Amino acid sequence: MNILKLKPSCKDYLWGGSKLITEYGKAYAGDVLAETWELSCHPDGPSIISEGEYAGRTLAEYIEEKGKTVLGSNCGQLADFPILIKFIDARDNLSIQVHPDDEYALKNEGQYGKTEMWYVMDAGEAAFLYYGFQKEISREEFVRRIQDHTLTEVLHAVPVQKGDVLFIEAGTIHAIGKDILIAEIQQNSNVTYRVYDYARTGKDGKQRELHIEKALAVTKRAPAVRDASHYPHVADCDYFTVDKLYLDGKTMREMTGSVSEESFVSILILDGEGVMEQEGEAVNYKKGDSFFLPAGCGSYTVRGTCDALLTTIRGKEV
């Protein structure tokens, strides 16, 4: 069976909610589930194959056994698995943060930087995301506003609703606001520099660590410009390409795709239910499921109702 259904790693960060448990059926014993790492080979939270011949093994173990050909030729020169895909349930505001680019992260953290995209799955009426600055600011003003708790006054607050997409390049200051549910597709990195955290305390009663000096070194202090050049994709960059699959069960009831030898395919089910078939074998899918299809496995068919994100890795532009 080439369609690998994945079980996520779960994270109970203090700002999280419970929608991933109550609405998306994630198996978790706690009350707060902030993130599920749905497609991950990262040691901080690997996803596990839940069904079939490789059930119980991590996705990384599967790749190690099968060989890197399952990732595709576009990943041939990469030292690590290229991406990390999450569901994020923000009941409260996340910290104001920034991610480094590859050069800085490899030099200072020993892992890659992080460019990412957000797909808004649900949002409250007043929901917004912080995305870059309203205007260019100096390093001195940046430091002062962190110290006197006025940083949010110069950040660009973007109102969002279900279906909105935001592409966030490394170096862009950003934050997810409260009452938002997001699918995040990012580089395979867990490097985050926390700039401001509303003076909140963690489980130990202490305020969470900030990373001011590193943030100052990597943050672009000019306004971020939303990139509309990804069309016809949801997102497209050297690190990942994301496309949308929508079946309404009426006009569109099935889709046949093909997994080439160039890249694996990740299918993240945002909503719907149905059956996925490949080489005469079938697996049921439902809202919240995540699947990995190895490179070169050929054609597959999705039937039913489906709102999903398909992620691949394209050849890097020179």
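Remember, it's a predicted structure, so these values are computed and weren't measured experimentally.

If you check which residues of helix H2 (residues 59-66) are buried, you get Leu 59, Tyr 62 and Ile 63. Down the axis of H2, the buried set is contained in an arc of 95 degrees. They therefore lie on one face. Check the buried side of H2 and you find it contacts strand S1 (4-7), strand S3 (35-39), strand S4 (48-49) and strand S19 (290-293). Gly 67, located one to two residues past H2, shows a positive phi value of around 100 degrees.

It is worth spelling out the UniProt feature "binding site: Zn(2+)" (unreviewed entry) in the protein chain at this point. The feature "binding site: Zn(2+)" (unreviewed entry), as given by UniProt, occupies His 99, Glu 116 and His 174 in the numbering adopted here. Over a stretch of 76 residues, the named residues converge on one spot in the fold, their C-alpha atoms separated by at most 11.0 Å. Within the annotated group just given, the residues that line the largest pocket are His 99, Glu 116 and His 174. Structurally, the position occupied by Glu 116 is in strand S7 (residues 116-123). Filtering out sequence-adjacent residues up to four positions away, Glu 116 remains in contact with His 99, Leu 166, Phe 167, Ile 168, His 174, Glu 184, Ile 185, Gln 186 and Phe 240. Position of His 174 among the secondary structure elements: in strand S11 (residues 174-176). Judged by its relative accessible area of 1%, His 174 falls in the buried class. Ignoring any residue separated from it by four or fewer positions in sequence, one finds His 174 in contact with Ser 95, Ile 96, Gln 97, Val 98, His 99, Glu 116, Trp 118, Tyr 130 and Ile 168.

Applying the stated criterion across every chain yields a total of 11 aromatic pairs. Each ring, one from Tyr 24 and one from Phe 87, has its centre 5.8 Å from the other, and the planes form 45 degrees; the classification is tilted. Here Phe 87 lies in strand S5 (residues 83-90) and Tyr 24 lies in the loop between helix H1 (19-22) and S3, a separation of 63 residues in the sequence. Accessibility classification places Tyr 24 together with Phe 87 in one group, the buried group.

Of the volumes computed, that of the largest pocket is approximately 470 Å³. For the largest pocket, the lining is made up of 25 residues, of which Tyr 13, Gln 97, Asn 190, Thr 192 and Arg 194 are closest to its centre. Put simply, the parts of the chain that give the lining of the largest pocket at least two residues each are S3, S5, S7, S11 and strand S13 (193-196).

If you walk through the whole model with that rule in mind, you get 22 salt bridges. For Lys 86, the salt bridge goes to Glu 35, with nearest N and O atoms at 3.6 Å. Here Lys 86 is found in strand S5, whereas its partner Glu 35 is found in strand S3, with 51 residues between them in sequence. Accessibility classification places Lys 86 together with Glu 35 in one group, the buried group. Among the ionic contacts, a cluster of salt bridges with common partners joins Lys 5, Glu 51, Lys 286 and Asp 289.

Definitions and cut-offs
- Residues numbered from 1 in each chain as written.
- Predicted model: local features only at pLDDT ≥ 70, side-chain atom pairs only at ≥ 80, totals over all residues.
- Heavy atoms only, no water.
- Buried < 20%, exposed > 50% of the residue type's maximum accessible area, 1.4 Å probe, protein only.
- Helix = DSSP H or I, 4+ residues; strand = E, 2+ residues; numbered from the N terminus.
- Arc of directions from axis to C-beta.
- Contact = heavy atoms within 4.5 Å.
- UniProt positions renumbered as here; feature names shortened; annotations may be inferred.
- 1 Å grid on protein atoms, 1.4 Å probe; cavity = no way out; pocket = protein on both sides within 12 Å on 5 of 7 lines; lining within 4 Å.
- Phe/Tyr/Trp six-rings, centres within 6.5 Å; stacked < 30°, edge-to-face > 60°.
- Points joined across faces, edges and corners; volume = space filled by probe spheres on them.
- Salt bridge = Lys/Arg side-chain N within 4 Å of Asp/Glu carboxyl O.

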